[in-house]
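Structural overview
Each chain is listed here by its residues.
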Amino acid sequence: MTGKLGRTARGGAQTSAGDLLDLVRSGRAVTRGALQQMTGLSRATVGQRLDRLFRAGWLREGAGGPVDSPLGGRPAITLEFDGSHAVVLAADLDTRHARAALLTLTGEILAERSGPLVVEDGPETVLDGLGRWFAELLTETGHAPEAVCGIGLGVPGPVDSETGRVVQPPMMSGWDGYDIRGRLSRAFTEHTGAGPVPVLVDNDANLMAYGEQRTGYQDCRAFVLVKVSTGIGAGVVVDGAVYRGVDGGAGDLGHIRVGSEALCRCGSYGCLAAVASGGAVARRLTEAGVPAASGSDVRALLAAGHPEAAALAREAGRRVGDVLATVVTLLNPAVLMIAGDLAGTPFLTGVRELLYQRALPRSTAHLDVLTAKLGERAGLIGAGALVVEHLYAPERVEERLTALGV
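Residues numbered from 1 in each chain as written. Predicted model: local features only at pLDDT ≥ 70, side-chain atom pairs only at ≥ 80, totals over all residues. Heavy atoms only, no water.

What about the pairing of strand 9 (residues 199–203)?
Of all five residues in strand 9, five are buried; the element is thus mostly enclosed. Where strand 6 (residues 148–155) and strand 9 come together, five bridges link them in parallel fashion. Counterpart to Leu153 in the pairing with strand 9 is Val201. (Buried < 20%, exposed > 50% of the residue type's maximum accessible area, 1.4 Å probe, protein only. Helix = DSSP H or I, 4+ residues; strand = E, 2+ residues; numbered from the N terminus. Pairing = 2+ DSSP bridges.)

In structure tokens, the structure reads:
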């Protein structure tokens with residue numbers, strides 16, 4: 001990209017309306033004068049491109065800002081992204097439970113609901129159920145289905161971001177290669193009567209990491225979130241973008257071999273998830289005479305202060321902390337966040353014990369190890385943010401403005 005943004009890295013095209021919107025949304029330039037300075041475009045050209053954004057309803061004028069000229073004069077009128085022109089739907093699937101929400105374009109949750117949805121019932125049943133929930137959320141808030149600009153979905157498995165399909169998911173029998181985007185879009189249409197909308201799908205830990213990083217740690221250049229529930233997965237955000245690997249498999253910590261003989265749900269022996277996940281702790285509690293069917297049952301026992309659950313959670317944390325010592329050494333993050341059913345003092349204590357024992361002091365000198373701030377809403381907020389960043393990326397703004405005829 002050139003110094004004045006007069007020409008961009010996107011094929012050398014002249015700075016577009018989408019680029020101007022990006023500058024306003026990011027806060028780098030929020031007046032017409034600042035946009036001219038940043039882009040090198042004339043006043044007339046900036047005005048023409050801003051006019052397209054105003055006609056689309058995506059931009060509005062705010063309060064007067066500081067005076068641009070040292071000679072004084074009227075305050076410059078600031079420009080703001082108008083987040084009220086559309087809404088986003090988001091859903092976060094766990095293995096036996098789901099959450100869904102309606103959000104503003106700026107990430108505020110307007111309404112949400114949760115309940116049992118079992119991924120092993122298959123994609124047809126589960127995605128149809130989400131379509132029904134979406135319709136109910138719209139009715140509850142009084143929003144027209146046509147106001148929805150996109151849908152974001154988090155799933156407990158590796159996702160190829162190019163296709164939105166899960167790839168050999170250990171905990172999602174019957175979902176491998178399934179067209180999630182197409183089916184969820186149809187379910188939305190079937191239950192609301194609205195036309196199709198874009199659907200984005202990503203791994204649940206990725207979306208949780210993205211939601212937490214964007215909400216509370218925007219200046220953190222390397223951020224890692226580890227979700228420990230039925231399985232174990234990690235989301236990594238580097239320089240503000242989710243790192244997914246070649247085909248969505250990055251962060252699959254649960255299937256790192258740790259030397260145990262325990263059988264994992266993936267069919268292999270010795271996986272970390274087989275000995276340190278919420279499901280593994282639930283199994284050991286049941287064997288000890290404390291009934292627990294899942295990670296959510298373990299969470300309830302931990303909340304009640306059950307001593308056996310706390311001891312096993314701490315032991316699981318030590319197992320995970322041993323693996324995270326390598327992760328921290330490799331990625332050198334500033335924040336390592338623990339989320340999911342086991343996220344709490346016993347598990348976090350175990351993580352810290354082994355992490356600081358095994359990792360070099362250089363790797364942990366500037367590291368914060370803490371539990372999630374957004375709780376169960378992190379994935380929803382991350383899914384909503386993913387949709388907004390996708391739809392309002394500069395190159396996509398041009399496509400959408402053209403389709404709107406402005």
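Focus on the nonpolar core
One finds Leu35, Leu53, Phe223 and Tyr392 to be the most contacted residues of the largest nonpolar core, which totals 52 residues. Setting aside residues no more than four positions away along its own chain, Phe223 makes contact with Ala209, Glu212, Gln213, Tyr217, Gly235, Val236, Val237, Pro333, Val335 and Met337. Cys271, Val328, Ile338 and Leu355 belong to the second largest nonpolar core, which has 40 residues in total. (Core = buried A, V, L, I, M, F, W, Y, C linked by side-chain atoms within 4.5 Å. Contact = heavy atoms within 4.5 Å.)

As for the packing of aromatic side chains
Here the structure, examined in full by the defined rule, presents three aromatic pairs. With a centroid separation of 5.2 Å and an interplanar angle of 75°, the aromatic rings of Phe81 and Tyr392 are classed as edge-to-face. Linking Phe81 in strand 2 (residues 77–81) with Tyr392 in the loop between helix 13 (378–391) and helix 14 (394–404), this pair joins segments that are 311 residues apart in sequence. With a centroid separation of 5.6 Å and an interplanar angle of 45°, the aromatic rings of Tyr217 and Phe223 are classed as tilted. Assessed through its relative accessible area of 17%, Tyr217 is described here as buried. Taking relative accessible area as the criterion, Phe223 reaches 0% and is therefore assigned buried. Taken together, the aromatic side chains of Trp58, Phe81 and Tyr392 make up a single cluster linked through ring pairs. Lying over the aromatic face of Phe81, Arg25 brings its terminal NZ or CZ to 5.1 Å of the ring centre. Positioned over the ring face of Tyr392 is Arg400, at 4.7 Å from the centre of the ring. (Phe/Tyr/Trp six-rings, centres within 6.5 Å; stacked < 30°, edge-to-face > 60°. Lys NZ or Arg CZ within 6 Å of the ring centre and 35° of its normal.)

Let's talk about the sheet that holds strand 4 (residues 97–104)
The five strands lie next to each other as 5-4-3-6-9, forming an open sheet whose pairing is mixed. Looking along the sheet, the strands with just one partner apiece sit at the ends: strand 5 (109–116) and strand 9. Taking the axes of each pair of neighbouring strands and ignoring which way they run, one obtains an average angle of 15° across the sheet. Bridge count for strand 3 (residues 87–93) against strand 4 is seven bridges, and the pairing is antiparallel. If you follow Val88 over to strand 4, its bridge partner there is Leu103. The sheet strands contacting helix 4 (residues 123–141) are strand 3, strand 4, strand 5 and strand 6, and the helix crosses strand 5 at an angle near 145°. Here helix 6 (residues 204–216) sits on the sheet in contact with strand 3, strand 6 and strand 9, set at roughly 100° to strand 9. (Axes fitted to C-alpha atoms, helices over the stretch in contact; angles between N-to-C directions.)

As far as function goes, none of this settles anything; it's purely spatial.
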